[in-house]
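Take a look at the letters that make up each chain.
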Amino acid sequence: MAVRKTSKRQRLQAKRGAKAPAMPRAQKSLKLTVIDAAAAAKIHEAVLRILEEIGVIIDDDATRDLLIHDHGCHQSDDGYVHYPEALVTKALSSLSDRVQLYDRDGRKVIDTSDRIPRFCPGHNCVQILDFKTGEHRPCLRADLEMTGKVCAALPNIDMACSLGYPGDVPVENESLETVKALTSHCGK
């Protein structure tokens, strides 16, 4: 009688069939430093200069009017809205140093001030890869519903977010339909 050897791949596949025990997330010091403080300051200064001297196009009339009439921005003849440095500095100083997110049951699930890594699916992709056909295509509402189901089922996914905006609903309803599709299948 011959003894059949199993490959490492086969043993791993067999292990995957059994449910893995839940493992608590260890607190880790996750700090990614890509540039130093001096380089970050240079980028910040350049952005302030671009916002003030070049400006940006604001397509939404209500937002543009609010910025110009209530917040001290001005619009040049070329249509660009220019932000005074003081306005940007004031806005940045009002930001919290942490973000907290809660699930639908009111439990805090994400706090950016802790050192526990948190995960969600990538979001707002231009196109998605259809896992059934292997084709890249625009996102549909049904894809977002499936995303909600997958997020709900995976214990290491901390929050649900859309893969993209559903191309099969009217543009003015994309955001609302995205939220409905995700929350109808996931409480995260």
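Parameters and conventions
Residues numbered from 1 in each chain as written. Predicted model: local features only at pLDDT ≥ 70, side-chain atom pairs only at ≥ 80, totals over all residues. Heavy atoms only, no water. Salt bridge = Lys/Arg side-chain N within 4 Å of Asp/Glu carboxyl O. Buried < 20%, exposed > 50% of the residue type's maximum accessible area, 1.4 Å probe, protein only. 1 Å grid on protein atoms, 1.4 Å probe; cavity = no way out; pocket = protein on both sides within 12 Å on 5 of 7 lines; lining within 4 Å. Points joined across faces, edges and corners; volume = space filled by probe spheres on them. Helix = DSSP H or I, 4+ residues; strand = E, 2+ residues; numbered from the N terminus. Nonpolar A, V, L, I, M, F, W, Y, C, P; charged D, E, K, R; others polar. Core = buried A, V, L, I, M, F, W, Y, C linked by side-chain atoms within 4.5 Å. Contact = heavy atoms within 4.5 Å. Patch = residues over 30% accessible without salt bridge, like charges linked within 9 Å, V, L, I, M, F, W, Y side chains within 5 Å. Areas by Shrake-Rupley, 256 points an atom, 1.4 Å probe, with all protein chains shown as cover. Polar contact = N/O pair within 3.5 Å; in protein donor to acceptor, adjacent residues only side chain to side chain. Axes fitted to C-alpha atoms, helices over the stretch in contact; angles between N-to-C directions. Parallel < 35°, antiparallel > 145°, perpendicular 65-115°, else oblique. Left-handed = near helix turned anticlockwise from the far one by under 90°.

Focus: the pattern of salt bridges
For step 1, the next point in the chain: Within the structure shown, the criterion is met by 12 salt bridges.
For step 2, the next point in the chain: Lysine 108 serves as the salt-bridge partner of aspartate 111, at 3.5 Å between the closest nitrogen and oxygen.
For step 3, the next point in the chain: For aspartate 111, a relative accessible area of 7% translates into the label buried.
For step 4, the next point in the chain: For lysine 108, a relative accessible area of 44% gives the class partly exposed.
For step 5, the next point in the chain: Shared partners join several salt bridges into a network, and the residues in it are Arg141, Glu145, Glu177 and Lys180.

Description of the layout of surface pockets
For step 1, the next point in the chain: Counted as a void, the largest pocket has a volume near 360 Å³.
For step 2, the next point in the chain: Around the largest pocket sit 18 residues that line it, and Phe131, Asp143, Met146, Thr147 and Leu163 are the ones nearest its centre.
For step 3, the next point in the chain: Sorting the residues of the lining of the largest pocket by element identifies β5 (128-129) and α5 (141-153) as the ones contributing at least two each.
For step 4, the next point in the chain: If you tally residues by element for the lining of the largest pocket, the top one is α5, at six residues.
For step 5, the next point in the chain: Its residues assigned to classes, the lining of the largest pocket shows 12 nonpolar, two polar and four charged.

Quick notes on the nonpolar core
For step 1, the next point in the chain: Core analysis: the biggest nonpolar cluster contains nine residues, these being Leu48, Leu51, Ile58, Leu67, Cys73, Val81, Tyr83, Leu87 and Val88.
For step 2, the next point in the chain: Counting only elements with at least two residues in this core, the list comes to α2 (37-54) and α4 (85-93).
For step 3, the next point in the chain: Excluding residues that lie within four positions of it along the chain, leucine 48 makes contacts with Glu85 and Val88.
For step 4, the next point in the chain: Among the nonpolar cores identified, the runner-up in size contains five residues, and Cys151, Ile157, Ala160 and Cys186 belong to it.

Side note on a nonpolar patch on the surface
For step 1, the next point in the chain: On the surface, a nonpolar cluster with roughly 360 Å² of combined accessible area is contributed by Val34, Ile35, Ile43 and Val47.
For step 2, the next point in the chain: In this structure valine 47 comes out as partly exposed when scored by relative accessible area, which is 41%.

Examining the side chain of arginine 137
For step 1, the next point in the chain: Inspection of the secondary structure assignment puts arginine 137 in strand β6 (residues 136-137).
For step 2, the next point in the chain: Of the polar contacts made by the side chain of arginine 137, one reaches the side chain of aspartate 130; its length is 2.7 Å.
For step 3, the next point in the chain: Here the side chain of arginine 137 touches aspartate 143 through a polar contact of 2.7 Å, side chain to side chain.
For step 4, the next point in the chain: Excluding residues within four positions of it along the chain, arginine 137 makes contact with Gln127, Ile128, Asp130 and Asp143.

Some thoughts on the packing of α5 against helix α6 (residues 174-183)
For step 1, the next point in the chain: Their axes nearest at 7 Å, the elements α5 and α6 cross at an angle of 40°. Comparing the axis directions of α5 and α6 gives the class oblique. The crossing of α5 and α6 is right-handed. Across the interface between the two elements, Arg141, Leu144, Glu145, Thr147 and Gly148 from α5 touch Glu177, Thr178, Lys180, Ala181 and Leu182 from α6.
For step 2, the next point in the chain: Partitioning the contact of α5 with α6 into residue classes produces three nonpolar, three polar and four charged.

Some words on the environment of proline 121
For step 1, the next point in the chain: Residue placement: proline 121 occurs in the loop between β4 (108-111) and β5.
For step 2, the next point in the chain: Linking proline 121 and serine 162, residues 41 residues apart in sequence, is a C-alpha distance of 7.7 Å.
For step 3, the next point in the chain: Setting aside residues no more than four positions away along its own chain, proline 121 makes contact with Thr147, Cys151, Ile157, Met159, Cys161 and Leu163.

A look at the side chain of aspartate 111
For step 1, the next point in the chain: Its place among the elements puts aspartate 111 in strand β4.
For step 2, the next point in the chain: At a separation of 3.5 Å, a polar atom in the side chain of aspartate 111 contacts the side chain of lysine 108.
For step 3, the next point in the chain: A distance of 2.7 Å separates a polar atom in the side chain of aspartate 111 from a polar atom in the side chain of serine 113.
For step 4, the next point in the chain: If we skip the residues at most four places from it in the chain, aspartate 111 touches Arg98, Val99 and Gln100.

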